[in-house]
Amino acid sequence: MRVRKLNFEEIKKRVGEHLKNVFGVEEFKITFAKQEEEVWRVNVEFKERDGAIEMPSTAQLSVDIRTGEIKELRKGYSWGF
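Note that the structure is predicted; figures quoted are calculated from it, not measured.

The helix and strand inventory of the protein stands at one helix and four strands. Mapped in sequence order, the helices and strands of the protein form the string α-β-β-β-β. Considered along the principal axes of its C-alpha atoms, the protein spans approximately 55 × 25 × 15 Å. Sorting the 81 residues of the protein into buried and exposed places 30% on the buried side. The long-range fraction of contacts in the protein, counting pairs at least 24 apart against all pairs at least 6 apart in sequence, stands at 37%. Accessible surface, the protein as shown: approximately 5700 Å² in total, 47% of it carbon and sulfur. Charge-centre separation for the protein: the mean point of 16 positive side chains lies 3 Å from the mean point of 15 negative side chains.

It is worth spelling out the sheet that holds strand E1 (residues 28-36) at this point. Strand order in the open sheet formed by four strands is E1-E2-E3-E4, with antiparallel pairing between adjacent strands. Of all the strands in the sheet, the pair left with one neighbour each is E1 and strand E4 (70-75). Averaged over all pairs of adjacent strands, the angle between their axes in this sheet comes to 20°, without regard to strand direction. Here strand E2 (residues 39-50) pairs with strand E3 (residues 53-64) via 12 bridges, running antiparallel. Within the sheet, the bridge partner assigned to Trp40 lies in E3 and is Val63. With respect to the sheet, helix H1 (residues 8-23) is in contact with E1, E2, E3 and E4, its orientation differing from that of E2 by roughly 35°.

Within the secondary structure, Asp64 sits in strand E3. Lacking a salt bridge, the buried Asp64 has Lys71 as its closest oppositely charged neighbour, with an N-O distance of 4.3 Å. From its side chain, Asp64 meets the backbone nitrogen of Arg66 in a polar contact 2.8 Å long. Dropping the residues within four chain positions of it, Asp64 is found in contact with Leu6, Ile11, Glu38, Glu69 and Lys71.

What follows concerns the pattern of salt bridges. One pass over the structure, following the stated rule, counts eight salt bridges. A salt bridge links Arg66 to Glu38, with the shortest nitrogen-to-oxygen separation between them at 2.1 Å. Taken as a pair, Arg66 in the loop between E3 and E4 and Glu38 in the loop between E1 and E2 lie far apart in primary sequence, 28 residues in all. Residue Arg66 is classed as partly exposed on the basis of its relative accessible area, which comes to 32%. We note a salt bridge from Glu69 to Lys71, for which the minimum N-O separation is 3.3 Å.

Rules used throughout
Residues numbered from 1 in each chain as written. Predicted model: local features only at pLDDT ≥ 70, side-chain atom pairs only at ≥ 80, totals over all residues. Heavy atoms only, no water. Helix = DSSP H or I, 4+ residues; strand = E, 2+ residues; numbered from the N terminus. Buried < 20%, exposed > 50% of the residue type's maximum accessible area, 1.4 Å probe, protein only. Contact = heavy atoms within 4.5 Å. Areas by Shrake-Rupley, 256 points an atom, 1.4 Å probe, with all protein chains shown as cover. Lys, Arg positive; Asp, Glu negative; His and termini not counted. Charge placed at Lys NZ, Arg CZ, Asp CG, Glu CD. Pairing = 2+ DSSP bridges. Axes fitted to C-alpha atoms, helices over the stretch in contact; angles between N-to-C directions. Salt bridge = Lys/Arg side-chain N within 4 Å of Asp/Glu carboxyl O. Polar contact = N/O pair within 3.5 Å; in protein donor to acceptor, adjacent residues only side chain to side chain.

Below is the structure:
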């Protein structure tokens, strides 16, 4: 029996949904994505608003390769290459 793994586009969609729910961010840029065994490791850049000020921010995420569940989110961090 073959188990389906989520592709990059599906992971990008899940990451976008999570960033919107957690930080209210709708626009983001993936700067690194790597599939490793059971997870996708993803770095993102986005801008957060604090009143009239926009501040650049980063986050690293680990996403389950089969379910799309976010296993880890660390704001202000990024995975090494």
